[in-house]
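Tertiary structure, described
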Amino acid sequence: MSDQNVNTNAEPKSRNGLLIGDVMRYIARWADLQRDERIGNPEISDGLRLLADRLKPHKYRPVSELDGLQLGPKVQHPRKAKKTLAELPEDLGALPCDTINAILNDEKYLKSQIVELGACRFGIPRSKLNRLPRQQAIASVRAALDHERSLAAIAEQAKRAGERRSA
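First, a word on what this report is: a plain description of the structure on this page. Bear in mind that the values here come from a model prediction, so they are computed numbers and not experimental data.

Let's talk about the overall build of the protein
- Scanning the protein from N- to C-terminus turns up 6 helices and 0 strands.
- Counted from the first residue to the last, the protein has its helices and strands arranged as α-α-α-α-α-α.
- The proportion of buried residues among the 167 residues of the protein is 25%.
- Contacts spanning at least 24 positions in sequence make up 47% of the contacts within the protein whose residues lie at least 6 apart.
- When the accessible surface of the protein is totalled, it reaches about 12,700 Å², and 53% of it is carbon and sulfur.

Right, here's the structure in full:
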């Protein structure tokens, strides 16, 4: 037996060294590491897996040819898409509950606008809302809105009970 190992599964090596397939395998392994949401980022994992899949047809080409590759049409990331922003009404302190609920359900409002609404209308500290992710800030303002509605219902019942006693 000779000292040379013959690997029949080996891919052809580029004279320039690194092949796109080598980079593709590295990206695929990186995607596997990112899959676990406790230590990685599943969204990054999905993006890396997509990139590795797009590189597969070119795996035997040298890395130096990456510049000229067509990997498919460019797709704009949904987060990068321009939003048409909505403007908050003037007097935030006097907004009716239905209007506040509509604002909280509308994706066109920025987190900073939600923070402004929560601070002006409900007295929630801006620093607290700014620390929270957008959805949690919305949930916090919504909780304050629900609390206000409960207090209004209790006040209405107390008013009715007082009127019944005085009549």
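Topic: the environment of Pro89
- Here Pro89 is to be found in the loop between α2 (42–55) and α3 (97–105).
- Residue Pro89 is classed as partly exposed on the basis of its relative accessible area, which comes to 30%.
- Placed 28 residues apart in sequence, Pro89 and Leu117 show a C-alpha to C-alpha distance of 9.6 Å.
- Apart from residues lying up to four places away in sequence, Pro89 is in contact with Leu95 and Ile103.

Regarding the pattern of salt bridges
- Within the structure shown, the criterion is met by 9 salt bridges.
- The closest approach of N and O atoms between Glu107 and Arg134, which form a salt bridge, is 3.7 Å. Pair noted here: Glu107 is in the loop between α3 and α4 (111–122) and Arg134 is in helix α6 (residues 134–166), with a separation of 27 residues, a long-range link.
- Since its relative accessible area comes to 18%, Arg134 is described here as buried.
- For Arg126, the salt bridge goes to Glu116, with nearest N and O atoms at 2.6 Å. Taken together, the residues Arg126 in helix α5 (residues 126–131) and Glu116 in helix α4 connect sequence positions 10 residues apart.

What about α3?
- Those residues of α3 that sit buried are Ile100, Ile103 and Leu104. With its buried residues spanning 95 degrees around the axis, α3 presents them on a single face.
- For α3, the elements touching its buried residues are α4 and α6.

Looking at the packing of α3 against α4
- One can describe the packing of α3 onto α4 by two numbers: an axis separation of 11 Å at closest approach and a directional angle of 160 degrees. Here α4 runs roughly antiparallel to α3, going by the angle between their axes. Between α3 and α4 lies a crossing of left-handed hand. Contacts from Ile100, Ile103 and Leu104 of α3 reach α4 at Ile114, Leu117, Arg121 and Phe122.

Digging into the packing of helix α1 (residues 20–34) against α2
- At their nearest, the axes of α1 and α2 sit 8 Å apart, and the two run at 160 degrees to each other. In terms of orientation, α1 lies roughly antiparallel with respect to α2. Read as a crossing pair, α1 and α2 show a hand that is left-handed. Residues Ile20, Met24, Ile27, Ala28, Trp30, Ala31, Asp32 and Gln34 of α1 form the contact with α2, whose participating residues are Pro42, Ile44, Ser45, Leu48, Arg49, Leu51, Ala52 and Leu55.
- Taken together, the residues of the contact of α1 with α2 sort by class into 12 nonpolar, 2 polar and 2 charged.

Scoring rules and cut-offs
Residues numbered from 1 in each chain as written. Predicted model: local features only at pLDDT ≥ 70, side-chain atom pairs only at ≥ 80, totals over all residues. Heavy atoms only, no water. Helix = DSSP H or I, 4+ residues; strand = E, 2+ residues; numbered from the N terminus. Buried < 20%, exposed > 50% of the residue type's maximum accessible area, 1.4 Å probe, protein only. Contact = heavy atoms within 4.5 Å. Areas by Shrake-Rupley, 256 points an atom, 1.4 Å probe, with all protein chains shown as cover. Salt bridge = Lys/Arg side-chain N within 4 Å of Asp/Glu carboxyl O. Arc of directions from axis to C-beta. Axes fitted to C-alpha atoms, helices over the stretch in contact; angles between N-to-C directions. Parallel < 35°, antiparallel > 145°, perpendicular 65-115°, else oblique. Left-handed = near helix turned anticlockwise from the far one by under 90°. Nonpolar A, V, L, I, M, F, W, Y, C, P; charged D, E, K, R; others polar.

Note that every value here comes from positions in space, so none of it alone points to a role or purpose.
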